[in-house]
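An overview of the molecular structure
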Amino acid sequence: MKPTAVPSPTTETLAELARLRAGTSVSLLVPPVAPDEGKITVRNLLKEAESRLASLGMRRTDARAVVSEAESLLDDRELWMRPLVDASVYVDEGGAVRLPGPALGAPMAVVGPRFQVKHLLDCVPDPRFAVLALSRKASHLFRGDPSKFEEITTAGLPVTMEEVLRYDDREPQLQSHGSGRRGAGGVVAAFHGQGGKREQGEDLLRYLRVVDAAVTAGLSDELLVLAGTDEMRAAYRRLTTYGRVAEGELPGSGERIAARELEEGAIPIVRTEIEAGRNGVRRRLAELAAGGQTPPDLEETLGAAIDGRIDAIVVAGDVEVWGQFDPERRSIVTNGGSVEDLVNAAAVETWRHGGAVYVVPGDEVPGPLPVAALLRY
């Protein structure tokens, strides 16, 4: 069976890869390498994986069958025609999936209860983003990730200002005053409306509150980029209740910006926000260390990750710590069980519970350990 190639992992793919498995999973990781050397590397990793499966008690024929799921990687012409080759191949009873390889670390074959995916979690879920194109004529919401960008329909969107105000039961309130001009019937009353700029502003806010309610209901923590005129963006930013609005914006008329332009304009904004988030986490960790606050050790970090208490974690992409964590005893144990990379486990559990994961070279992790975590509580 040929490994299914996915250019960039979706959140759904990552969620499937991140779960613990009852059986044994095989991860083959190839960092960027020249094609000739890459083929030799893959062959060696296949042999190593087969040997490890057998050492864990799997029959040789079964181990060979598992590894054969990934062998067709060697026949993928498109992959081997690149100047540099990188790949991550994940194999279990369900088949094989190929994803981009790690940028850090050495080639490795990992056999254990969990796929080795920490490099794929870098800055996720931040790469999932949304764009709100604001316009009186029609406001539209788009969602993007590394593999697609498309408009989404949620309750209340897309919507026009006319639609929102259509069932407005307000009647024009007219007042009169004496004009001072006399006619045959005496003083002539002059009428004026109570509308004008103030009422138009209230109408805009009413419209944008409807838009915001739809955005908040339709998104799930994606970074939101605003597009539209200065007036529309500023008014929406002031009233929105959505918690993740990007600092960067896309100027112009919301209804006139094509979807492709929205995507191309949003991506640099998202990358800037990602880098700002990474730097912010590292700065906060450094400040805590400078203030004498002792960072959690690896056992504490693993327990906090499983409990969903980590807001963000910085992990070494080129360092592994092999062992087994007992979640009930909250300790790293050595007596039996499947051994795994505990750095990878900390990254995966943090991501599974909504925390941010940042992958850096080992010597750039703040503190003495290959993991550094910011706790929520």
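Scoring rules and cut-offs
Residues numbered from 1 in each chain as written. Predicted model: local features only at pLDDT ≥ 70, side-chain atom pairs only at ≥ 80, totals over all residues. Heavy atoms only, no water. Helix = DSSP H or I, 4+ residues; strand = E, 2+ residues; numbered from the N terminus. Buried < 20%, exposed > 50% of the residue type's maximum accessible area, 1.4 Å probe, protein only. Contact = heavy atoms within 4.5 Å. Areas by Shrake-Rupley, 256 points an atom, 1.4 Å probe, with all protein chains shown as cover. Pairing = 2+ DSSP bridges. Axes fitted to C-alpha atoms, helices over the stretch in contact; angles between N-to-C directions. pLDDT = per-residue confidence, 0-100. Core = buried A, V, L, I, M, F, W, Y, C linked by side-chain atoms within 4.5 Å.

**Side note on the overall build of the protein chain**
A count of helical and extended segments in the protein chain gives 10 helices and 18 strands. Out of the 377 residues belonging to the protein chain, those deemed buried represent 45%. At a minimum sequence separation of 6, the contacts of the protein chain that also span at least 24 residues come to 67%. Only carbon and sulfur atoms are counted for the fraction: they give 51% of the accessible area of the protein chain, which is about 19,300 Å².

**A few points about the sheet that holds strand S15 (residues 331-333)**
Spatial strand order, S15-S14-S16: three strands in an open sheet with antiparallel pairing. Where the open sheet ends on each side, the last strands, each with one partner, are S15 and strand S16 (340-341). Sheet topology places strand S14 (residues 322-326) next to S16; two bridges connect them, and they run antiparallel. Each bridged residue has a counterpart across the sheet, and for Trp322 the counterpart in S16 is Asp341.

**So, the sheet that holds strand S8 (residues 148-152)**
With mixed pairing, the five strands of this open sheet are ordered in space as S8-S7-S6-S11-S12. Two strands in the sheet have a free side with no partner beyond their single neighbour: S8 and strand S12 (245-251). Here the strands of the sheet are splayed against their neighbours by 25° on average, with no regard to which way each runs. Note: strand S6 (residues 129-133) against strand S11 (residues 223-228), five bridges, orientation parallel. Pairing of Ala133 across the sheet is with Ala227, part of S11. Each of S6, S11 and S12 is contacted by helix H7 (residues 230-239), which is oriented at about 165° to S12, the strand it contacts most.

**Here we look at the confidence of the model for the protein chain**
The predicted model of the protein chain averages 86 in pLDDT, with 88% of residues at 70 or higher. Contacts for the low-pLDDT stretch residues 170-194, under 50 throughout, to residues beyond four places or in other chains number 32 contacts.

**Section: the nonpolar core**
By size, the foremost hydrophobic cluster in this structure holds 32 residues, and its most contacted members are Tyr90, Val117, Leu121, Ile313, Val315 and Val357. Those elements that provide at least two residues to this core are helix H1 (11-18), strand S5 (108-112), helix H9 (298-307), strand S13 (310-316), helix H10 (342-352), strand S17 (356-360) and strand S18 (371-375). The greatest single-element share of this core, amounting to seven residues, is contributed by H10. When near neighbours in sequence (up to four residues on either side) are disregarded, Val117 contacts Leu17, Tyr90, Asn344 and Val348. One finds Ala133, Ala227, Ala312 and Ala356 within the second-largest nonpolar core, a separate group that totals 28 residues.

**A closer look at the environment of Ala18**
Summarising the element assignment, Ala18 is placed in helix H1. When its relative accessible area of 1% is taken as the criterion, Ala18 is described as buried. Separated by 100 residues in sequence, Ala18 and Lys118 place their C-alpha atoms 9.3 Å apart. The residues contacting Ala18, other than those within four sequence positions of it, are Arg114, Val348, Trp351 and Arg352.

**Things to note about the side chain of Ser331**
Structurally, Ser331 is set in strand S15. Residue classification places Ser331 among the buried positions, given a relative accessible area of 14%. Those residues in contact with Ser331 that sit more than four places away from it in its chain are Glu299, Gln324, Phe325 and Asp326.

**Observations concerning the pairing of S5**
In terms of burial, S5 is largely enclosed, as five of its five residues are buried. Strand direction decides the pairing type here: strand S2 (residues 25-33) and S5, joined by five bridges, are antiparallel. For Leu28, the partnering residue across the bridge sits in S5 and is Ala109.

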